[in-house]
Amino acid sequence: MSTVAVRTRPRRRGAGLGLLAWLVGIAFFLPIAWMALTSFHSESDAATNPPSFTAALTLDGYREFFGTGGGASPWPALINSTVASVASTLCVLLLALPAAYALSVRPVRKWTDVLFFFLSTKMMPAVAGLLPIYLFAKNAGLLDNIWLLVLLYTAMNLPIAVWMMQSFLAEVPVAVIEAAQIDGARLPTILTRVVAPIALPGIAATALICFIFSWNELLFARVLTGVVAETAPVFLTGFITSQGLFLAKVCAASLVISLPVLAAGFAAQDKLVQGLSLGAVK
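The model shown is predicted, which means the values in this text are computed figures rather than measured ones. (Residues numbered from 1 in each chain as written. Predicted model: local features only at pLDDT ≥ 70, side-chain atom pairs only at ≥ 80, totals over all residues. Heavy atoms only, no water.)

## Description of the overall build of the protein chain
Okay, step 1: A tally of regular secondary structure across the protein chain gives 14 helices and 2 strands.
Okay, step 2: Within the protein chain, contacts between residues at least 6 apart in sequence are counted, and of these 76% link residues at least 24 apart.
Okay, step 3: Carbon together with sulfur atoms contributes 70% to the accessible area of the protein chain, which is approximately 16600 Å² in total. (Helix = DSSP H or I, 4+ residues; strand = E, 2+ residues; numbered from the N terminus. Contact = heavy atoms within 4.5 Å. Areas by Shrake-Rupley, 256 points an atom, 1.4 Å probe, with all protein chains shown as cover.)

And the structure:
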């Protein structure tokens, strides 16, 4: 076998894998592109089957979503989702960073069992805890309260955050921490000025995932909120009424509600890739 044939085979294999990756990426992108296109159609054009790609474009769906046609305003729901997602993500980071530090840089006995316990709490179906949480919120007078969602989202995302950040903080050189301790730095200073800057990509990846989970959560928000603490996903379900499914308006609302998550992912994509690949190559 010639040397040229040996060199050509890996190149063809790499080109084939690259083409496959592009096809998979396009397949994932097509539903989003279809939703975006449908959001700019009228209801009559959006209801056609098969969909019409040459129909006239209009902003009626977005006008209906933002309440210019007399409907409910989405801004309270968007603000509630922002408050619940951002506040719960900050709380998760404040709690997960010292916990992950204790399990990685200064590990406790049987730290692997501790990590498994954290992860096992995510194995229970969320609906199994819905009734007890509802009864607790009702008796405590916390129904339709945005801070109850902040507490729930913090508890829901904390186990996966500790699990992720433990692997990120395990890559922090112990010599750097010991040098800071010799200089007289205490634990809060070590966490904020030594550990956090080194593990910033991992922290950013953890924060983004917690934000996405909180922003997209629907089950607890649907049951535990009403009008005051209604979140964006709950507001979106209000477009499905007994009068029918208004596809163009639903697509416009879905695209607007998805924009914060898409924007956050795009802005932090470099940190996300660095964080998720941290420790993958030794």
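And the narrative resumes.
## Some remarks on the nonpolar core
Nonpolar side chains in soluble globular proteins tend to be buried together.
Okay, step 1: By size, the foremost hydrophobic cluster in this structure holds 28 residues, and its most contacted members are Tyr-101, Met-165, Leu-169, Ile-177, Ile-190, Val-195 and Ile-203.
Okay, step 2: Broken down by secondary-structure element, the contributors of at least two residues to this core are α4 (75-104), α7 (146-169), α8 (174-182), α9 (187-198) and α10 (200-216).
Okay, step 3: Sequence-distant contacts of Ile-190, defined by excluding residues within four places in its chain, comprise Tyr-101, Ile-177, Ala-180, Gln-181, Ala-185 and Val-195.
Okay, step 4: Grouped together as the second largest cluster of nonpolar side chains are 18 residues, Met-35, Tyr-62, Ala-253 and Leu-255 included. (Core = buried A, V, L, I, M, F, W, Y, C linked by side-chain atoms within 4.5 Å. Buried < 20%, exposed > 50% of the residue type's maximum accessible area, 1.4 Å probe, protein only.)

## Details of empty space enclosed by the protein
Okay, step 1: If you walk through the whole model with that rule in mind, you get 1 cavity of 30 Å³ or more.
Okay, step 2: Roughly 30 Å³ of volume is contained in the largest cavity.
Okay, step 3: Across the lining of the largest cavity, the residue classes break down as 4 nonpolar, 3 polar and no charged. (1 Å grid on protein atoms, 1.4 Å probe; cavity = no way out; pocket = protein on both sides within 12 Å on 5 of 7 lines; lining within 4 Å. Points joined across faces, edges and corners; volume = space filled by probe spheres on them. Nonpolar A, V, L, I, M, F, W, Y, C, P; charged D, E, K, R; others polar.)

## Section: the packing of aromatic side chains
What describes a pair of aromatic rings is the distance from one ring centre to the other and the angle between the planes of the rings.
Okay, step 1: Applying the stated rule across the entire model yields 5 aromatic pairs.
Okay, step 2: Here Phe-65 and Phe-66 contribute two aromatic rings whose centre-to-centre distance is 4.9 Å and whose plane-to-plane angle is 75 degrees, an arrangement assigned as edge-to-face.
Okay, step 3: Owing to a relative accessible area of 0%, Phe-65 belongs among the buried residues under this scheme.
Okay, step 4: Site record: aromatic cluster; members linked through ring pairs are Phe-65, Phe-66, Trp-75 and Phe-235. (Phe/Tyr/Trp six-rings, centres within 6.5 Å; stacked < 30°, edge-to-face > 60°.)

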